[in-house]
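Secondary and tertiary structure notes
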Amino acid sequence: MNEFWVLVTGSLVGITCGLTGVFLILRKMAMIADAISHTVLFGIVMAFIITQSLNGIWMMLGAGIAGVITAYLVQVLQSNGLQEDASIGVVFTTLFAVGVLLITLFAGNVHLDVEHVLMGEIAFVPWNTWTFMNLTMPKAVWMLLFVLLINILFLLGFYKEIKLSTFDPIFAMSIGLPLVFLHYAFMTLVSFTTVAAFDSVGAVLVVAMLIVPASTAYLLSKSIKRMIILSMLIGMLSAIGGYYFAKFLDASIAGMMATTAGGIFLLVFLFRPYEGLLMKKRKLVNMNNLTIKS
Amino acid sequence: MNAIEVSQLSVAYEDNLVLHDINLSVPVGKLVGIIGPNGAGKSTLIKAILNQLPNKTGDVEILGHSLDPKNHLVGYVPQRNAVDWDFPTNALDVVLMGRYGHIGLFNRPKAKDREKAMKCLKSVGMGEFANRSIGQLSGGQQQRVFLARALAQEAEIYFMDEPFVGVDAATELTIINILKELKAKGKTVLVVHHDLQTVNDYFDWTVLLNKTIISSGPTRKIFTKENLQQAYGGKLFFMNEKHNEVLAERGGLNAIR
Amino acid sequence: MLSGNLLWVLAGASLLGVASGLIGSFAFLQKQSLVGDAAAHAALPGIAISFLIFQQKDLPLLMLGAIITATISVYLIQGIINRSKLKSDAAIGIVLSVFFGAGIVLLTIVNQSSSGNQSGLNDFIFGKAATMAKSDLVWLSGSALIIILTCLTFYKEWKLVIFDTTFAKGIGLPVNLLRFILTAITVLTIVTGIQAVGVILMSAMLIIPAATARIWSDKLVTMIIMSALFGAFSGACGTLISSLKTGLSTGPIIVITASSLFIFSYIFAPKRGLLVKIQQRRKIAKRVLKQEVQAS
């Protein structure tokens, strides 16, 4: 039964992150997600210091606010002339350092150690349950389902808007789409996704689940819908595969999930149709044959 | 009523004024070329009229109203390089984006919108490429798709930012013919353009710009040596088509008819 | 109190600050600040692998492993960008997170073995500047000196390669070799730094001093020198502040010092500072207003 819940949690992480990741890749904001996954620590610590509780809702709120603050600060630095990569770097390392410092100062004794936040411990997920409407499930599963639901609702409501503002923001502005609202709403979603996922896989490895499956799907897709479906499938596959590999090696489950996602990416990168390295070589050989013939 | 009425428009980036004190009236039903040297603020002018710039002062009226995307009066073709052409989508889908303003929030495109988009795509000669990934289209084909998207907006006034950059001759001809059709239907079209050779053939109304309006009016009247010299600061180099040699004539603009 | 060990830590942190300030400037100009972040994460599996192979925690051996995987990561990022439609942000994110994930897997495997249990490899994630052994600090200072000397040697070549590669090739510079040396030295800086401040905060040392210096100067020489000074100042200040009270970890304090410098510069610097910019905007608004008044 415990194994079952670990697999459910992992799959939900894969699906939720896979969904959010698609637009992160298309909007070229993968590293903003990386930044948010680090600054979420700051938000959680602040939430703990203010409320003195480890309640999921407060953590979610703190993380959401920290995520939006991160996105906003990066935007401010950038619009004042600092290049994008440096803006991201300055903001997230600073907030992360403040977060680490606050933990050591104010929250050293509670179950909020930095290592846990960074690496997660999915194996403990089944022990921490919550009952709602006579249904008892691990807290992490509840959180992930909740965030997945918000993600799906957001996409159902704003699919064509977020698509157009991603593809052609200038045109989107000319027909009156609320670009700023869409940007920050999406950033809030990324923060929610991060905080829901990091309890199980850890903040740094959330980045792997956000970026890697979506990138793999991007290489295989000519339409967004296909990319979304593939990304969620690959995310789920990475989680389940990662769990069994980790069990076999008796190693970190979260780390193995990220590594599996990386392995799938590598395979697709090398063997993808039309553009893969092998295909390119074969094409070259064909071309050589042609020249010899003619 | 004029199609566009701009008064006292100024735009600043950081510490320099990119456009200053623009006053411009364009009548309905003209095909307008916006001409000027690099850095004259041509694209900025369009963006300012479309209310896309924060540091803007002055007033803009479109067909007697202040700009509101909900009126669907304006169609827009941005510069082609402003877009990521690796985006996973196909030509028809891009054209369908032109309907989004009409479809509105929370609604999905209907069959009617799809038909309209397909019709627009066919009208630019791209019907057979509807399902092609946009990344696999040539520069000229991409530009036609952008034009089709603007047509799908069913607007009254169209703004095009450098539509002829990096496209083949056939596409340029297709585009200009479509623009002339639009004009014949009573629409107004503004085009940012930089090929002086074709101004006389393409546009019946010209706006000469260099940070401020140098001159604007019927092309025949205002496309003169004196005005061009003023806009380009007398540093114009001209290609003599017959001999194919560069005549660096300071102020001697014989190539212009 | 300036005890003997604290003096060593102080010297090490300052030298590290100078080295990362110098290298960070070059990374900044190449728009590769976040590549450094990825390389720092990618050092982790290298450290674990070299421990698994040699079963020792000799710093030079661990550093060698780290250098190898970090260098591979930099070239992988380049490869992904060159050979697919993925953009740099995705390529960096993929490499960073997968290498780090693999590193954590390897660390858990190391921790299973009896010898690995006490290896203290986990320290590489968060750094342990204050408690570093003297021998480690000697290594740290030594490699910081190597980095600084290399930067001085190749300064003008790197400048040209970064600014205009085609031209550099044209005048016969060995561009690929120069780039490789720059990458190698960048990786050496990162690997040197992570034992002191940890994987994540090492990126801060590369990025923040360079970004701060850029606010103050438009000239490369000045920018690099200022960046090195800011780095040294942050390292020294951070070490001193954290020695005042037990429980203040050195790494975060160093970074927060660097950030404070950045925020101060961001607001008050001449030319590019926020206050000056606000003033400029007001001036323009006034100018425009005047013109409008005159026009009407």
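Definitions and limits used
- Residues numbered from 1 in each chain as written.
- Chains lettered and ligands numbered in written order.
- Predicted model: local features only at pLDDT ≥ 70, side-chain atom pairs only at ≥ 80, totals over all residues.
- Helix = DSSP H or I, 4+ residues; strand = E, 2+ residues; numbered from the N terminus.
- Buried ≥ 20, exposed ≤ 12 C-beta atoms within 10 Å, placed from the backbone.
- Contact = placed C-beta atoms within 7 Å.
- Nonpolar A, V, L, I, M, F, W, Y, C, P; charged D, E, K, R; others polar.
- Pairing = 2+ DSSP bridges.
- Axes fitted to C-alpha atoms, helices over the stretch in contact; angles between N-to-C directions.
- Domains from an automatic or database assignment.
- Parallel < 35°, antiparallel > 145°, perpendicular 65-115°, else oblique.
- Left-handed = near helix turned anticlockwise from the far one by under 90°.
- Core = buried A, V, L, I, M, F, W, Y, C linked by C-beta atoms within 7 Å.
- pLDDT = per-residue confidence, 0-100.
- Expected span 1.5 Å × (residues − 1).

1. Thoughts on the overall build of chain B
From N to C terminus, chain B includes 9 helices and 12 strands. When each of the 257 residues of chain B is scored for burial, the buried share is 42%.

2. Observations regarding the interface of chain A and chain C
Listed as interface residues are 49 residues of chain A and, on the opposing side, 43 residues of chain C. Elements represented by at least two residues in the side of chain A that touches chain C include exactly helix H2 (30–51), helix H4 (84–106), helix H5 (114–119), helix H9 (203–220) and helix H11 (253–271) of chain A. Ranked by residues supplied to the side of chain A that touches chain C, first place goes to H4 of chain A with 14 residues. Looking at the side of chain A that touches chain C residue by residue, the classes come out as 31 nonpolar, 13 polar and 5 charged.

3. Quick look at unusual backbone geometry
Residues and elements named next belong to chain B. At Asp21, a residue that is not glycine, the phi angle is positive and equals roughly 55 degrees. One can find Asp21 in strand S2 (residues 16–27). Using a count of 19 C-beta atoms within 10 Å as the deciding quantity, one classes Asp21 as partly exposed. Although it is not a glycine, Glu162 adopts a positive phi angle of roughly 50 degrees.

4. What to know about the sheet that holds strand S8 (residues 188–192) of chain B
All names here are of chain B. Across the sheet, 6 strands lie side by side as S6-S7-S8-S3-S9-S10; this open sheet has mixed pairing. The open sheet terminates on both sides in strands that have one partner only, identified here as strand S6 (74–77) and strand S10 (212–218). Adjacent strand axes in the sheet meet at a mean angle of 15 degrees, parallel and antiparallel pairs treated alike. Bridge analysis of S6 against strand S7 (residues 157–161) gives 4 bridges, and the strand direction is parallel. Pairing of Val77 across the sheet is with Met160, part of S7. Against the sheet, helix H9 (residues 225–232) engages strand S9 (205–210) and S10, with an angle of about 155 degrees to S10.

5. Remarks on the domain arrangement of chain B
All names here are of chain B. What the domain assignment reports for chain B is domain 1 (1–73 + 155–228) and domain 2 (82–154). A separation of 24 Å is found between the C-alpha centroids of domain 1 and domain 2. Facing the 12 residues of domain 1 at the interface are 13 residues of domain 2. Ranked by residue count, the leading element in the side of domain 1 that touches domain 2 is helix H6 (residues 169–184), at 4 residues. Here the residues of the side of domain 1 that touches domain 2 are counted per class, giving 7 nonpolar, 4 polar and 1 charged.

6. Brief notes about the packing of H2 of chain A against helix H3 (residues 56–79) of chain A
Residues and elements named next belong to chain A. Contact geometry for H2 and H3: axes closest at 7 Å, N-to-C directions at 135 degrees. Classified by the interaxial angle, the pair formed by H2 and H3 is oblique. In this structure, H2 crosses over H3, and the sense of that crossing is right-handed. Two secondary-structure elements touch here, H2 through Ile32, Ala35, Ile36, Thr39, Val40, Phe42, Gly43, Ile44, Met46, Ala47 and Thr51 and H3 through Trp58, Met59, Leu61, Gly62, Ala63, Ile65, Ala66, Gly67, Thr70, Ala71 and Val74.

7. Looking at the packing of helix H1 (residues 2–26) of chain A against helix H10 (residues 224–249) of chain A
Residue and element names in this part refer to chain A. Running from N to C, H1 and H10 cross one another at 150 degrees; their axes reach a closest spacing of 7 Å. The angle between H1 and H10 falls in the class roughly antiparallel. Regarding H1 and H10, the two cross each other, and that crossing is right-handed.

8. Side note on the nonpolar core
In summary, soluble globular proteins display a tendency toward joint burial of nonpolar side chains. Counting 263 residues, the largest nonpolar core has Met209 and Ile211 of chain A, Val95 of chain B together with Ala43 of chain C as its most contacted members. Broken down by element, the residue count for this core peaks at 15 residues, all from helix H4 (residues 88–112) of chain C.

9. Quick notes on the pairing of S10 of chain B
For a regular strand, the rule is simple: side chains alternate between the two faces of the sheet. Residues and elements named next belong to chain B. By the bridge criterion, 6 bridges tie S9 to S10 in an arrangement that is antiparallel. Opposite Leu209, over in S10, you have Ile213 as the bridge partner. Adjacent in sequence and paired antiparallel, S9 and S10 are bridged by 1 residue, among which Lys211 carries a positive phi angle near 70 degrees.

10. Remarks on the confidence of the model for chain C
Residue and element names in this part refer to chain C. Looking at chain C as a whole, its pLDDT mean stands at 84, while 89% of the residues score no less than 70. Per-element confidence in chain C ranges from a low mean pLDDT of 54 for helix H5 (residues 114–117) to a high of 91 for helix H11 (residues 220–244). In the predicted assembly, ipTM is 0.86 and pTM is 0.83.

11. Remarks on H2 of chain A
Residues and elements named next belong to chain A. When the terminal C-alpha atoms of H2 are compared, their 31 Å separation across 22 residues agrees well with the 32 Å that a helix rising 1.5 Å per residue should span. In terms of burial, H2 is a largely internal element, 19 of the 22 residues being buried. Backbone geometry just after H2 places Gln52 at a positive phi near 55 degrees.

12. Notes on H4 of chain C
Here H4 of chain C contains 25 residues, and its C-alpha end-to-end distance of 36 Å stays within 8% of the 36 Å for a straight helix at 1.5 Å per residue. With respect to burial, H4 of chain C is a largely interior element, 21 of its 25 residues being buried.

13. Section: the sheet that holds strand S4 (residues 56–62) of chain B
Residue and element names in this part refer to chain B. Read from one edge to the other, the open sheet built from 4 strands follows the order S2-S1-S4-S5, with strand pairing classed as antiparallel. With partners counted over all chains shown, the strands left at the sheet margins are S2 and strand S5 (65–66), one partner each. Examined bridge by bridge, strand S1 (residues 2–13) and S4 share 6 bridges and lie antiparallel to one another. Note that in S4 the partner of Ser10 across the bridge is Thr57.

14. Re the environment of Gln136 of chain B
All names here are of chain B. Position of Gln136 relative to the elements: it lies in the loop between helix H4 (111–123) and helix H5 (139–152). Overall, the presence of 13 C-beta atoms within 10 Å leaves Gln136 in the partly exposed class. Along the backbone, Gln136 and Asp86 are 50 residues apart, and their C-alpha atoms lie at a distance of 8.8 Å.

15. Observations regarding the confidence of the model for chain B
Residues and elements named next belong to chain B. Averaged over every residue, the pLDDT of chain B is 84; the share at 70 or more is 90%. Looking over chain B, one finds the lowest element-wise mean pLDDT in strand S12 (residues 245–247), namely 37, and the highest in S8, namely 94. Counted against residues more than four places away or in other chains, residues 239–257, with its pLDDT under 50, gives 20 contacts.

16. A word on the environment of Gly75 of chain B
All names here are of chain B. Mapped onto the fold, Gly75 is located in strand S6. With 14 residues separating them in the primary sequence, Gly75 and Thr89 have C-alpha atoms 21 Å apart. Every residue in contact with Gly75, bar those within four places of it in the chain, is listed here: Ala150, Gln153, Ala155 and Tyr158.

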